[in-house]
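Descriptive analysis of the structure
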Amino acid sequence: MLVRLDKFLADQNFGTRKHVKKIIRNHTITIDDKLIKDPDFKFNPELQRVFIDGELIEYQSHIYILLNKPEGYICSTIDESYPSVLNLIDAQYQKRARLVGRLDVDTTGVLLITDNGKLNNKLIHPNSGLEKEYLVTYNRNLNDTDLQILSSKIDLYDDGIVQAKKVEQVSLNQAKITITEGKYHQIKRMAKRAYLEVIKLDRIRLANLTYGDLKQGEYRFLTEEEIENLKSLVKMEEE
């Protein structure tokens, strides 16, 4: 895969094409120990190493970030009435980042961020069957009738009929609910059918991904095994 030097630097978040041309002019850039001053110079970043002023530029074809989203942030690429969750990751990744699905401003937990558009589209497709598990805190204690309703098929009218894959009560007013549909406000709308109100919602798992020891607002990069597992779940062929 050959790529132009100016495009490579722009994709690695060194600035716009215009800005990286200045970097190429004013800094010492070497590729395979050869000094390069031509922005149009083409090379294979997967096989050749780029140094700027002696510092190796790590090549990343795609980024895969797992964020433990806190309350008070919106799943948008720009700041609106609340700050964007992208403010929580390093600036060098923000330009490339795209959110895999959305969480409400008051919902916390697992949020996946990537610039792999093909994988993103497959993960958010309605037929992906991707499991999303939530820890739900309700405004009152749960009874058997509540659990039966939450476990049954529920008509969301304009969004059709949904049914949780699993409902497990974990405390008097809490349950773990696993869904695969991902309809708008689905967990909250399901609660209303049982005359319940969701007062806290935390996504604790997305497919095989959990936030583990990550504190709210912290993030980490996915491992190669986790990435391959996601691709396998949505039957994505190797690129």
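The rules behind the values
Residues numbered from 1 in each chain as written. Predicted model: local features only at pLDDT ≥ 70, side-chain atom pairs only at ≥ 80, totals over all residues. Heavy atoms only, no water. Helix = DSSP H or I, 4+ residues; strand = E, 2+ residues; numbered from the N terminus. Rg over C-alpha atoms; globule rule 2.2 N^0.38 Å. Contact = heavy atoms within 4.5 Å. Areas by Shrake-Rupley, 256 points an atom, 1.4 Å probe, with all protein chains shown as cover. Lys, Arg positive; Asp, Glu negative; His and termini not counted. Charge placed at Lys NZ, Arg CZ, Asp CG, Glu CD. Core = buried A, V, L, I, M, F, W, Y, C linked by side-chain atoms within 4.5 Å. Buried < 20%, exposed > 50% of the residue type's maximum accessible area, 1.4 Å probe, protein only. Salt bridge = Lys/Arg side-chain N within 4 Å of Asp/Glu carboxyl O. Arc of directions from axis to C-beta. Polar contact = N/O pair within 3.5 Å; in protein donor to acceptor, adjacent residues only side chain to side chain. Pairing = 2+ DSSP bridges.

Below, the discussion takes up the overall build of the protein. Secondary structure summary: the protein contains seven helices and 16 strands in total. Computed over the C-alpha atoms, the radius of gyration of the protein is 22 Å, more than 25% above the 18 Å expected from 2.2 N^0.38 for a compact globule of 239 residues. Restricting to contacts in the protein with at least 6 residues of sequence separation, those with at least 24 account for 64%. For the protein, the exposed surface amounts to about 13300 Å²; the carbon and sulfur share of it is 47%. Here the protein holds 36 positive side-chain charges and 37 negative ones, and the gap between their average locations is 4 Å.

The subject of this paragraph is the nonpolar core. If you look at the biggest cluster of nonpolar residues, it comprises 34 residues, and the most contacted ones within it are Ile113, Val136, Tyr138, Ile177 and Ile187. Not counting residues up to four positions away in its chain, the partners in contact with Ile177 are Lys132, Glu133, Tyr134, Val136, Tyr138, Leu150, Ala164, Lys166, Val167 and Ile187. Listed in part, the 19 residues of the second largest apolar core include Leu66, Leu119, Leu209 and Val234.

Here we come to the pattern of salt bridges. Throughout the structure, instances matching the rule amount to twelve salt bridges. We note a salt bridge from Lys188 to Asp106, for which the minimum N-O separation is 3.2 Å. Of this pair, Lys188 sits in helix 6 (residues 186–193) while Asp106 sits in the loop between strand 8 (98–100) and strand 9 (107–114), and the two are 82 residues apart along the sequence. With a closest N to O distance of 2.9 Å, Glu133 and Arg205 form a salt bridge. Taken together, the residues Glu133 in strand 10 (residues 132–138) and Arg205 in strand 15 (residues 198–206) connect sequence positions 72 residues apart. Here Glu133 and Arg205 have matching classes, each one buried. Shared partners join several salt bridges into a network, and the residues in it are Arg4, Asp6, Lys21 and Asp40.

Time to look at helix 5 (residues 144–151). All of the buried residues in helix 5 are Asp146, Leu147 and Leu150. Mapping the buried residues of helix 5 onto a view down its axis gives an arc of 95°, with all of them on the same face. What points out from helix 5, more than 90 degrees from its buried face, is the exposed set Asp144 and Gln148. Contacts from the buried residues of helix 5 go to strand 10, strand 11 (154–155), strand 13 (166–171), strand 14 (174–179) and helix 6. Where helix 5 starts, the residue carrying a side-chain oxygen 3.0 Å from the main-chain nitrogen of Thr145 turns out to be Asn143.

Attention now moves to the sheet that holds strand 6 (residues 55–56). Ordered in space as 3-2-5-6, the four strands form an open sheet in which the pairing is antiparallel. Two strands lie at the open edges of the sheet, namely strand 3 (34–35) and strand 6, each paired on one side alone. The pairing of strand 2 (residues 29–31) with strand 3 spans two bridges and is antiparallel. Within strand 3, the position partnered with Thr30 by the bridge is Leu35.

Everything listed is a geometric property; what it means functionally is a separate question.
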